[in-house]
Amino acid sequence: MNMRAFLFLTFFLSFALASVGQENDFVASAYKNLKEKNYQAAIDNFSQALKQQPSDTAALIGIIRAYTVTENYKEAQQVIENGIKLFPDIPDFFMRRGILNTIMGQQRRAISDFNKALELSSKQQSVNIYVNRGISYMRDEDFDRAIDDFNEALRINPRSSSALSYRGFLSYRLGRFAESIEDYNKALDLDPESAMNYYNRGMAHFRSGDKERACSDFHQSCSRGNMHACRMIMAECEGVKRE
């Protein structure tokens, strides 16, 4: 279970931040395509919306998301910098630049961006920023600050499945498997279709010596498309009784 694979959550966690601006038909279609993972269609729709209105914040934020998940980081960076120039008081653009810096391994720059986003954000918006900053601290191996950020996110919103998932992952990295399992239990109660959370909880069960529960989680994860879990089933679960 490596950090690169787990960063998948970073992109989608950021989607929860509220967008601002007026939606037009292109933007509405683009967000529908984004939700359905039709990323090129979403990019085309957002581009059309921005031709009509270059300062449409919903379109700017949406196309950043689409560029990021398709790994078009240069294009995402250009839109982010333009967004910051146009709207220096909107936290979304700083948070998204922080996410890009996290992906590119520039953790100190990412943390600076998240700090700025927190200065500008509302309390509810800050949940996702704290989680993302916690990820940067975790990648920088500043585990105490990472835990503090995940805890703060959960203090504000105890039902943040992303904060629970990342805190569970950090507990796993630190060898605190019981704490990791507890957080994944809560995260799966909130998001019972998360293949990644089943896989990560399975790994925590596996490392704590409970192969039966681990294999049960690997089966749940594999059935939802996680190939890491499928490989663990082939390697470790032959003849293991399923719950």
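Details of the structure are given in the entry above.
What you are looking at is a predicted structure, and each value in this text was computed from that prediction instead of being measured.

## Quick word on the nonpolar core
Argument step 1. Membership of the largest hydrophobic core comes to 54 residues, with the highest contact counts inside it found for Phe46 and Phe150.
Argument step 2. Ranked by residue count, the leading element in this core is helix H5 (residues 57-69), at 9 residues.
Argument step 3. In this structure Phe46 touches Val27, Ala30, Tyr31, Leu34, Ala58, Ala59, Gly62 and Ile63, once residues within four positions along its chain are discounted.

## Here we look at the packing of aromatic side chains
Argument step 1. Summed over all chains, the structure comprises 5 aromatic pairs.
Argument step 2. Judged by centre distance (6.3 Å) and plane angle (10°), the ring pair of Phe87 and Phe93 falls under stacked.
Argument step 3. Taken together, a centroid distance of 6.0 Å and an interplanar angle of 40° make the contact between Tyr199 and Phe218 tilted. With Tyr199 in helix H13 (residues 195-207) and Phe218 in helix H14 (residues 211-223), this residue pair connects regions lying 19 residues apart in the sequence. An identical accessibility class is assigned to Tyr199 and Phe218; each is buried.

## Side note on the environment of Ile135
Argument step 1. Along the polypeptide, Ile135 turns up in helix H9 (residues 123-139).
Argument step 2. For Ile135, a relative accessible area of 1% corresponds to the buried category.
Argument step 3. The spacing of Ile135 and Gln107 is 28 residues in sequence and 9.2 Å in space, taken between C-alpha atoms.

## Some thoughts on the pattern of salt bridges
Argument step 1. If you walk through the whole model with that rule in mind, you get 15 salt bridges.
Argument step 2. In this structure, Arg96 and Asp92 form a salt bridge, with 3.6 Å as the shortest nitrogen-oxygen distance. A residue pair is termed a helical-turn pair when its members lie 3 or 4 positions apart in one helix, as Arg96 and Asp92 do in helix H7 (residues 91-103) at 4 residues.
Argument step 3. Residue Arg96 is classed as buried on the basis of its relative accessible area of 4%.
Argument step 4. For Asp92, a relative accessible area of 2% translates into the label buried.
Argument step 5. One salt bridge connects Arg155 with Glu152, and the closest N-O pair in it is separated by 2.6 Å.

## Observations concerning helix H12 (residues 177-190)
Argument step 1. The end-to-end C-alpha distance of H12 is 20 Å, a good match for the 20 Å that 14 residues give at a rise of 1.5 Å each.
Argument step 2. By the burial criterion, the buried members of H12 are Phe177, Ser180, Ile181, Asp183, Tyr184, Ala187 and Leu188. Along the axis of H12, the buried residues cluster in a sector spanning 165°; they form a single face. Exposed positions of H12 whose direction lies more than 90 degrees from the buried face are Ala178 and Asp189.

Parameters at a glance
Residues numbered from 1 in each chain as written. Predicted model: local features only at pLDDT ≥ 70, side-chain atom pairs only at ≥ 80, totals over all residues. Heavy atoms only, no water. Core = buried A, V, L, I, M, F, W, Y, C linked by side-chain atoms within 4.5 Å. Buried < 20%, exposed > 50% of the residue type's maximum accessible area, 1.4 Å probe, protein only. Helix = DSSP H or I, 4+ residues; strand = E, 2+ residues; numbered from the N terminus. Contact = heavy atoms within 4.5 Å. Phe/Tyr/Trp six-rings, centres within 6.5 Å; stacked < 30°, edge-to-face > 60°. Salt bridge = Lys/Arg side-chain N within 4 Å of Asp/Glu carboxyl O. Expected span 1.5 Å × (residues − 1). Arc of directions from axis to C-beta.

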